[in-house]
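Below, each chain spelled out in residue letters.
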Amino acid sequence: MKHFLTLILTLVLSIPALAQDADNGLTVLMKKHGLSYSTAQATPTICALCGVDAPKDCVAKPMDFILTAAKDKPTMEKVLIFCPDATGKFIVKKYQEDWKPVYAASTHVVTAANVLPSVTPVCFGAIFTGCPPEVHGILQYNDKYKPNPIKVETLFDAFSKAGKKCAVIAEKNCSIDLIFRGHQADFYTTKNSEESVATAKKLLQENNYDLIVCYDGNYDSTMHANGVFAEKSLAAMKDSIRYYTELVEVADQAWADKNYVSVFSPDHGAHNTKEGKGTHGSAQASDAIVNHFYRLRYVK
Ligand SMILES: [Zn+2]
């Protein structure tokens, strides 16, 4: 009886903690769309796979099914993260044939919700901190122009504390080029996605980094100007797919003797306005739901 009462007391006392834990900016769109995962789980999942402590303020938990797959396996030694802006689930679903190479280069695919507003700096802020916007500090698009807008430790800081080196490669003045400045990574600023991908390949071959992030903003720019399914936009989508598969090929060679994880991780999706231009930022499924593709590669 005493044990039973202790159990009841423990359960009652833990309710507010659970509610607080579950009720935050990461869960809003998960609940709305009935999804079990948040894009912000990328950071704690990658940390767990690599045997690195998650960032100090990280709210998100590692993804259970990926940890289960990695159970009893050695820790990952290297990480490659490709960030194709705005290639949400809406476009993967519509052009399945084009996406086959990304599925082929994946061991796990997670359908996840992002955060509000579903715009680039707010969403990548969550992905690379494991925190909701109210914690990481970027609440709206223009916050990306503030000095040091990310108020908490990032994935890069966590890796640096563990003695690992990170590189962030992105086009000049895009969100990823700006918002993580001041955090523990080397920043490579480029003219465009093509140069970013070429830089990522070079850094992979030089083999001086433990974690490499490569950003590709082409689909986002073309769909804003032309519409989400316009020919030019689809060409940019196909480029994102090709860039990723090329990077994985180079990583397979450069890290031939390393266990490594690669991730294809868009920030948000998009939808067309009445005028036929692409846009995003809302809670609707086209903006809020993305697929993150993981590949766990073990060679030893
Ligand atoms: Zn974006």
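Analysis parameters
- Residues numbered from 1 in each chain as written.
- Predicted model: local features only at pLDDT ≥ 70, side-chain atom pairs only at ≥ 80, totals over all residues.
- Heavy atoms only, no water.
- Helix = DSSP H or I, 4+ residues; strand = E, 2+ residues; numbered from the N terminus.
- Rg over C-alpha atoms; globule rule 2.2 N^0.38 Å.
- Buried < 20%, exposed > 50% of the residue type's maximum accessible area, 1.4 Å probe, protein only.
- Contact = heavy atoms within 4.5 Å.
- Areas by Shrake-Rupley, 256 points an atom, 1.4 Å probe, with all protein chains shown as cover.
- Lys, Arg positive; Asp, Glu negative; His and termini not counted.
- Charge placed at Lys NZ, Arg CZ, Asp CG, Glu CD.
- Core = buried A, V, L, I, M, F, W, Y, C linked by side-chain atoms within 4.5 Å.
- Disulfide = S-S within 2.5 Å.
- Donors = N, O, S within 2.8 Å, 3.2 Å for Na, K, Ca; no water.
- Pairing = 2+ DSSP bridges.
- Axes fitted to C-alpha atoms, helices over the stretch in contact; angles between N-to-C directions.
- Arc of directions from axis to C-beta.

Chemist: Describe the overall build of the chain, naming the residues involved and giving the relevant values.
Modeler: A tally of regular secondary structure across the chain gives 14 helices and nine strands. Taking 19 Å as the expected radius of gyration for a compact globule of 300 residues, we find that the chain reaches 19 Å, a close match to that expectation. Across the 300 residues of the chain, 54% fall into the buried class. Counted over contacts in the chain with a minimum sequence separation of 6, partners at least 24 positions apart contribute 72%. For the chain, the exposed area adds up to about 13,100 Å²; of that, 54% sits on carbon and sulfur atoms. The average position of the 32 basic charges and that of the 32 acidic charges among the side chains of the chain differ by 2 Å.

Chemist: Explain the nonpolar core to me, and be specific about the residues and the numbers.
Modeler: Counting 51 residues, the largest nonpolar core has Ile-81, Phe-128, Phe-156, Phe-159, Ile-176 and Leu-211 as its most contacted members. One finds Leu-80, Val-197, Ala-236 and Tyr-260 within the second-largest nonpolar core, a separate group that totals 38 residues.

Chemist: Any details on unusual backbone geometry? Residues and values, ideally.
Modeler: Trans peptide bonds make up most of the peptide bonds, and negative phi angles are found at most residues other than glycine. With an omega dihedral of -10°, the bond running from Leu-116 to Pro-117 counts as a cis peptide bond. Tracing the chain through its elements places Pro-117 in the loop between strand E2 (108-113) and helix H7 (120-127). Phi angles above zero are rare outside glycine, and Asn-148 is one such case at about 45°. Take Asn-148: it is sitting in the loop between helix H8 (133-136) and helix H9 (155-161). Since its relative accessible area comes to 46%, Asn-148 is described here as partly exposed. Within the chain, Asn-207 stands out as a residue other than glycine whose phi angle is a positive 60°.

Chemist: Quick rundown of the state of the cysteines? Include the residues and the values.
Modeler: The tally for this structure, following the rule as stated, stands at zero disulfides. Cysteine Cys-50 remains unbridged, with the sulfur of Cys-47 as its closest cysteine sulfur at 7.3 Å. Among the cysteines around Cys-58, which has no disulfide bond, Cys-131 carries the closest sulfur, lying 5.8 Å off.

Chemist: Pulling in residues and values, what's your account of the coordination of the zinc ion?
Modeler: The textbook angles at a metal center are 109.5 degrees for a tetrahedron of four donors and 90 or 180 degrees for an octahedron of six. All of the protein donors around the zinc ion are Asp-85 (OD), Asp-85 (OD), Thr-120 (OG1), Asp-267 (OD) and His-268 (NE2); their distances to the metal are 2.0 to 2.6 Å. Sequence spacing of the donor residues for the zinc ion, all on one chain, is D-x34-T-x146-D-H. Residue Asp-85 is located in the loop between strand E1 (78-84) and helix H5 (89-94), and its partner Asp-267 is located in the loop between strand E6 (260-264) and strand E7 (271-272); the two are separated by 182 residues in the primary sequence. Across the pair, Asp-267 and Asp-85 agree in class, each one buried.

Chemist: Account for the sheet that holds strand E5 (residues 211-216), with residues named and values stated.
Modeler: Strand order in the open sheet formed by seven strands is E2-E9-E6-E1-E5-E3-E4, and the pairing between neighbours is mixed. Only two strands of the sheet have a single partner each, and these edge strands are E2 and strand E4 (186-190). Each neighbouring strand pair of the sheet contributes to a mean axis angle of 15°, computed without reference to strand direction. Pairing analysis gives four bridges linking strand E3 (residues 166-171) to E5, with the strands arranged parallel. Residue Ile-169 lies in a different strand from E5, and its bridge partner there is Cys-214. Sheet contacts for helix H6 (residues 96-104): E2, E6 and strand E9 (289-297); angle to E9, the most-contacted strand, approximately 40°.

Chemist: Which residues make up the pairing of E5, and what values go with them?
Modeler: Most of E5 sits out of view: six of its six residues are buried. Judged by which residues are buried, E5 turns out to be covered on both faces: Leu-211, Val-213 and Tyr-215 on one side and Ile-212, Cys-214 and Asp-216 on the other are all buried. Here E1 pairs with E5 via six bridges, running parallel. What sits directly across from Val-79, in E5, is Leu-211.

Chemist: Help me get a handle on helix H12 (residues 218-226), residues and values and all.
Modeler: Of all the positions in H12, only Tyr-219, Asp-220 and Met-223 are classed as buried. Considered in projection along H12, the buried side chains sweep an arc of 100° and stay on one side of the axis. Buried-residue contacts for H12 involve H5, helix H13 (231-254) and strand E8 (278-279). Backbone geometry just after H12 places Gly-227 at a positive phi near 105°.

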